[in-house]
Amino acid sequence: MTAVSKEMIPAATETDRRFMAAAIRFAMRNAGRTATNPSVATLIVRDDGAGPVVVGRGVTALGGRPHAETVALAEAGDRARGATAYVTLEPCAHHGRTPPCAEALVTAGVARVVSAAADPDPRVDGKGHAILRAAGLSVTPRVMAEEAAETMSGYLNRHRRNRPEVTLKLAVSRDGKIGIRGGGQVKITGPVADAQTHLVRARHDAILVGSGTLLEDDPRLDCRLPGLGDRSPTRIVLDPRLRTEPDRALARTAGDTPTLIATFVDADPARRAALVACGVAFLSCETDPDTGRIALPEMLEDLGAVGMSSILVEGGAETGASFLDSDLVDRLILVEGDTEVGPNGVAAPIVPSIAGQRFRPVRSYRFGPDRWFEYVRRDD
Ligand code: AOF
Ligand code: ZN
């Protein structure tokens, strides 16, 4: 690949940043629904003298194909000729079910490509931009690259760590508790924060809880936002001793929402069969020789192998602690409610007052009475 000197790269304008920001928002549309592929967005914008106009838009389709560029170019048709394409990821350079997007942009007569995140996929990794430049298109890479990378952090994490990205999300009371043992579901956060949680669920490939949470709370773990019901991610239960009963809400709804139980290979075959009859699938796990628990790194590798890029760990304390202890938490969301649970409460494995020692705070919000804190790994 020929090196491109800085002087040859046309600078990004304010207009470029504006359209890229719009593309980045649009890319969120299919986040969590494109399997191993990131959810990418493309806007085709042309200016015939009266100002820039979007003539085509595309986002990576459900399941990962067709790619965003193909969809946007199809909508733009002839109007792509001489236009600028804003793409949140470097256009691909490889032949999949369709020819490379870089070639499609060239063939459509696009004059300029503005891209955001770099693509670590070795089949792309600079080759997409090289195809565009070799055909005489002007290329401005890395415009709002960090913002775009956030929309595809699961995908980028998979390439970096060879496993799905893990987000641990916990609702924590003002006195640092996540619930009461034996007390069923305890309401810690209010409806505004809860709706945000459901939005976060919708953007993940899977939600994971420990079997303790399942027994205590009998949760549904789906996305219950109006109009987003079909976006419920796969549900995963970490259940080494296979304690899940077929009458649990999760098992009863396994026919509607994919449900996976991670357990040891030698789990009781009769219990297993009863759950399989409900539509539950199984993931056979290895034992961690030190703790006797499910070996989490290997389990994540297996989940990656079946196409998952992002897992939301939602509880409980023990499950959260085991991901934290194994240093497998890439992103952390703590939602601090205004309630107090009291001395009988189950202590959260991590609370906002100390999370900053281990994680880098990235943003915080207030949702009604609740405070929402987001962190990423310090080394990211
Ligand atoms: C693009 N536009 O919208 C996306 C891209 O399995 P395939 O053939 O679909 O290829 C997956 C790779 O395509 C993925 O690893 C990444 O490099 C790229 N994703 N590229 O030009 C898109 N989603
Ligand atoms: Zn492509």
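Values in this document were obtained by computation on a predicted structure and should not be read as measured data.

Criteria and cut-off values
Residues numbered from 1 in each chain as written. Chains lettered and ligands numbered in written order. Predicted model: local features only at pLDDT ≥ 70, side-chain atom pairs only at ≥ 80, totals over all residues. Heavy atoms only, no water. UniProt positions renumbered as here; feature names shortened; annotations may be inferred. 1 Å grid on protein atoms, 1.4 Å probe; cavity = no way out; pocket = protein on both sides within 12 Å on 5 of 7 lines; lining within 4 Å. Buried < 20%, exposed > 50% of the residue type's maximum accessible area, 1.4 Å probe, protein only. Contact = heavy atoms within 4.5 Å. Helix = DSSP H or I, 4+ residues; strand = E, 2+ residues; numbered from the N terminus. Points joined across faces, edges and corners; volume = space filled by probe spheres on them. Nonpolar A, V, L, I, M, F, W, Y, C, P; charged D, E, K, R; others polar.

### Brief notes about the UniProt feature "binding site: NADP(+)" (unreviewed entry) in the protein chain
Phase 1 of the analysis: The sites that carry the UniProt feature "binding site: NADP(+)" (unreviewed entry) are, in the present numbering, Ala 171, Thr 213, Asp 217, Leu 221, Gly 316, Ala 317, Glu 318, Thr 319, Gly 320, Ala 321 and Ser 322. Set against the largest pocket, the annotated residues named above that line it are Ala 171, Thr 213, Asp 217, Leu 221, Gly 316, Ala 317, Glu 318, Thr 319 and Ser 322.
Phase 2 of the analysis: Asp 217 sits in the partly exposed class, given a relative accessible area of 27%.
Phase 3 of the analysis: Sequence-distant contacts of Asp 217, defined by excluding residues within four places in its chain, comprise Gly 184 and Gln 185.
Phase 4 of the analysis: Residue position: Ala 317 is located in helix 12 (residues 317-325).

### So, the UniProt feature "active site" (unreviewed entry) in the protein chain
Phase 1 of the analysis: Feature annotation in UniProt assigns "active site" (unreviewed entry) to the following positions: Glu 69.
Phase 2 of the analysis: With respect to the element layout, Glu 69 can be found in helix 2 (residues 68-76).
Phase 3 of the analysis: Taking relative accessible area as the criterion, Glu 69 reaches 4% and is therefore assigned buried.
Phase 4 of the analysis: When sequence neighbours within four positions are dropped, the list of residues in contact with Glu 69 reads Thr 42, Val 87, Leu 89, Pro 91, Cys 92, Cys 101 and Leu 105.

### Quick notes on the layout of surface pockets
Phase 1 of the analysis: Roughly 1400 Å³ of internal volume is contained in the largest pocket.
Phase 2 of the analysis: Lining the largest pocket are 49 residues, and of these Thr 213, Asp 217, Glu 314, Gly 315 and Gly 316 sit closest to its centre.
Phase 3 of the analysis: Taken together, the elements giving at least two residues each to the lining of the largest pocket come down to strand 6 (165-172), strand 7 (177-180), helix 7 (191-202), strand 8 (206-210), helix 8 (211-217), helix 11 (296-305), strand 12 (310-315) and helix 12.
Phase 4 of the analysis: For the second largest pocket, the calculated volume is near 900 Å³.
Phase 5 of the analysis: Looking at the second largest pocket, it is lined by 39 residues, and the ones nearest its centre are Met 28, Glu 150, Thr 151, Arg 203 and Arg 331.
Phase 6 of the analysis: Within the residue set of the lining of the second largest pocket, elements represented by two or more residues are helix 1 (14-27), helix 5 (145-151), helix 6 (153-161), strand 6, helix 7, strand 13 (331-336), strand 15 (359-367) and strand 16 (370-377).
Phase 7 of the analysis: Across the lining of the second largest pocket, the residue classes tally to 17 nonpolar, twelve polar and ten charged.

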